[in-house]
Every structure is written in structure tokens, then in C-alpha cells.
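Spelled out, the chains give:
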Amino acid sequence: MQIEEKVINERSELIELIKEGVNPLNYIKNEMDIDFVSSAIAYINKSEDPYWDDSAETLLKAFIYYLLSKSDETKTLARCKEIVKLGLNDPDAREKIKSMVECDERSKVLFKPTEITSDRTFRGIFEALNNKLSEILK
């Protein structure tokens, strides 16, 4: 992934740039960049069970694809975190987020595994992603 004039190949390097205030969504040029950003964030402080990291990565990808597909959306990790907070705090979150991501086929497909989980698992996935985003967005 290229950020300004520098090629970033290491997850840890990307995480440091994000902590310094760089918005990686401004530099996404292709699906590989989305994969790199979402995996770098999802594997901060790995969980004992990889299910939570893998699910957090998939959910973050869904939100990034959604944001990038909408011209009227703010394209930042902070906006991703706002959507995560919706998932944690709104009793109708599952339906609201489902209708939100339906505008983009990739987002819709990526959200589906989270959408169909039990309430407890749904919350656990959102908590996992929230913790990871909180770690880098101070």
C-alpha cells in the first residue's frame, strides 16, 4: 500500500501511521489495500480464539467497502467506529446496518456472516472490532 510517497508493507508500520493520524482510507486504490488495512487492524492484540479476529476483519471490510461506495459518506476509520458503536448500542442495529450496507454488493456479502449470528455472537464481534479500533484511534 502506498501512503504519500512511501510504500507500506508491514502491518505494524501501517498501525503506527494510523496512530499518528493518517487516514488509510484516503490511500486505498484496490482490494489488496482494503485487505491490508482490515487485516492490520483486526490482528492488533490477537484473541485467543482466531474466530473473533477473523470476524472483526470481515466486518471491518464490509464497512470499508460500504464507505468507499457511498459518495456522501465520510471515509474514515472513525466513521467505521461510529457504525460499530451503532452495532453495540442500538437495539435495531442488525436491521439498520443490514439496510445500510445493502447498497454495495461486497459490503452486503461481507456483513452476512455477522448478520446471521446469535445476539451474543453479534455483540462479541462488534466488541472485538470496537476494541481494536479504540486501540488505534485515540
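One structure accompanies this document, and this report is about it. (Residues numbered from 1 in each chain as written. Predicted model: local features only at pLDDT ≥ 70, side-chain atom pairs only at ≥ 80, totals over all residues. Heavy atoms only, no water.)

### Considerations on helix H3 (residues 50–69)
Part 1 of the reasoning: The first and last C-alpha atoms of H3 sit 29 Å apart over 20 residues, in line with the 28 Å expected at 1.5 Å per residue.
Part 2 of the reasoning: A distance of 2.9 Å separates the backbone nitrogen of Tyr51 from a side-chain oxygen at the start of H3, and that oxygen is part of Asp49. (Helix = DSSP H or I, 4+ residues; strand = E, 2+ residues; numbered from the N terminus. Expected span 1.5 Å × (residues − 1). Polar contact = N/O pair within 3.5 Å; in protein donor to acceptor, adjacent residues only side chain to side chain.)

### A few points about the environment of Leu17
Part 1 of the reasoning: Tracing the chain through its elements places Leu17 in helix H1 (residues 11–19).
Part 2 of the reasoning: Counting along the chain gives 75 residues from Leu17 to Asp92, while the straight-line C-alpha distance between them is 35 Å.
Part 3 of the reasoning: Excluding anything up to four places from it in sequence, Leu17 contacts Ile3, Ile8 and Val22. (Contact = heavy atoms within 4.5 Å.)

### Concerning the environment of Tyr65
Part 1 of the reasoning: On the secondary structure map, Tyr65 appears in helix H3.
Part 2 of the reasoning: Residue class for Tyr65 comes out buried when judged on its relative accessible area of 6%.
Part 3 of the reasoning: Each C-alpha atom, one on Tyr65 and one on Arg106, is 6.7 Å from the other, the two residues being 41 residues apart in sequence.
Part 4 of the reasoning: Not counting residues within four places of it along the chain, the set of residues in contact with Tyr65 comprises Glu31, Ile34, Asp104, Arg106, Ser107 and Leu110. (Buried < 20%, exposed > 50% of the residue type's maximum accessible area, 1.4 Å probe, protein only.)

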